[in-house]
Amino acid sequence: MKAGVFDSGVGGLTVLKSILDANMFDEIIYYGDTARVPYGVKDEQTIIRFSLEALDFFATHQVDILIIACNTVSAYAIDVMKKHTSIPIVGVIEPGVQALKNKISNKDDPILVIATKATIASKQYQNKLQLNGYTSIQSLATGLFVPIVEEGIEDENILKASMQYYFSSIKQTPQAIILGCTHFPLIAPSIEKFFAHKSILIHSGEAIIDYLWKNYQIAPNTTSKQAKLDLYASSDVLALQKTAHKWLGINF
Ligand code: DGL
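About the cut-offs
Residues numbered from 1 in each chain as written. Predicted model: local features only at pLDDT ≥ 70, side-chain atom pairs only at ≥ 80, totals over all residues. Heavy atoms only, no water. Near = heavy atom within 4 Å. Polar contact = N/O pair within 3.5 Å; in protein donor to acceptor, adjacent residues only side chain to side chain. Areas by Shrake-Rupley, 256 points an atom, 1.4 Å probe, with all protein chains shown as cover. Nonpolar A, V, L, I, M, F, W, Y, C, P; charged D, E, K, R; others polar. Pairing = 2+ DSSP bridges. Helix = DSSP H or I, 4+ residues; strand = E, 2+ residues; numbered from the N terminus. Axes fitted to C-alpha atoms, helices over the stretch in contact; angles between N-to-C directions. Contact = heavy atoms within 4.5 Å. Buried < 20%, exposed > 50% of the residue type's maximum accessible area, 1.4 Å probe, protein only. Disulfide = S-S within 2.5 Å.

**Notes on the site of the ligand**
So, step 1. Looking at the ligand, there are 13 residues lining it, with S8, Y39, G40, T72 and T182 nearest.
So, step 2. One of the side-chain nitrogen or oxygen atoms of S8 is found 2.6 Å away from an oxygen atom of the ligand.
So, step 3. N71 places a polar main-chain atom, nitrogen or oxygen, 2.9 Å from an oxygen atom of the ligand.
So, step 4. Here the ligand has 300 Å² of accessible area as a free molecule, and 99% of this is covered by the chains.
So, step 5. Its residues assigned to classes, the shell around the ligand comprises five nonpolar, seven polar and one charged.

So, in structure tokens, the structure goes:
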């Protein structure tokens, strides 16, 4: 089975890593729109237009399923994309909500959603969580985390200052934090530490593995060998390969 994985840039590599580790597909095509990242500060129509262009790219690669490894695209473009193709398209928001449901049974537990400006503005997570009965949801657009990850800034003080800036308004330690941007798993250890390891973190990549099994019967470890992986980017594919190697140890 051949899967397409789409992100606005490099963040989706965290989802790609989970999918690779789960050995679910024979072949994976990753496409990052690195020429036009970030999507998280753009308006709805632009996000939809870029996403439909990505769909044209995947149409030429004949994938069996398309995984949207970007919360921002998942928030705005999936319904429109589905109207333009018969390929199954799976985003990361619904899997994230399902993963949270599996971990948090007390509906009054404080839940924090962090994501890009666009994802938070879409209210997709907040509405789905509310529909599932959760009563204490706080959402924060934490856009600064995206360039910190992209720049590979390892100076803990910069990240700490950004976390302080965004999280100082939080009164109650969250029981769970939805990492609603695929860049954020790369700073997950620092976020965990900030909240004194008292919060459960929900990661889009981990969430989608379970979701693909439950909803599409695509089981982990269906293949015994590593998937054939091809990386594509709308700008500087070598930089994307380097990031994949540096962050995730993926070799080409
Ligand atoms: N990876 C994107 C997401 O999950 C965020 C980066 C961007 O703004 O394009 O929303």
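**As for the sheet that holds strand β2 (residues 27-32)**
So, step 1. One open sheet accounts for five strands, arranged β4-β3-β1-β2-β9; its pairing is parallel. The two strands at the open ends of the sheet, each matched to only one other strand, are β4 (89-90) and β9 (228-233).
So, step 2. Judged from the four bridges that link them, strand β1 (residues 2-7) and strand β3 (residues 65-68) form a sheet pairing that is parallel. The residue bridging V5 from the neighbouring strand is I67, located in β3.

**A few points about the sheet that holds strand β8 (residues 200-203)**
So, step 1. Read from one edge of the open sheet, four strands run β6-β5-β7-β8, paired in parallel fashion. Only two strands of the sheet have a single neighbouring strand rather than two, namely β6 (137-141) and β8. Pairwise comparison of adjacent strand axes, ignoring direction, gives a mean angle of 20 degrees for this sheet.
So, step 2. The strands that helix α7 (residues 124-131) touches are β5 (111-115), β6 and β7 (176-180); relative to β6, the one it contacts most, it runs at about 170 degrees.

**What to know about the environment of D26**
So, step 1. Secondary-structure assignment places D26 in the loop between α1 (13-21) and β2.
So, step 2. Accessibility expressed as a relative area gives 44% for D26, which makes it partly exposed.
So, step 3. Along the primary structure D26 and P174 are separated by 148 residues, whereas in three dimensions their C-alpha atoms are 38 Å apart.
So, step 4. With near-sequence residues (within four places) excluded, D26 lies in contact with M1, T223, A227 and K228.
So, step 5. Side-chain polar atoms of D26 contact the backbone nitrogen of M1, separated by 2.2 Å.

**As for the state of the cysteines**
So, step 1. In the structure shown here, the tally under the stated rule is zero disulfides.
So, step 2. Note on C70: no disulfide assigned, nearest cysteine sulfur contributed by C181 at a separation of 7.1 Å.
So, step 3. Exposure remark for C70: the relative accessible area of 4% places this residue in the buried category.
So, step 4. By relative accessible area, which is 5% here, C181 ends up buried.

These results come straight from atomic positions and should not be treated as a statement about function.
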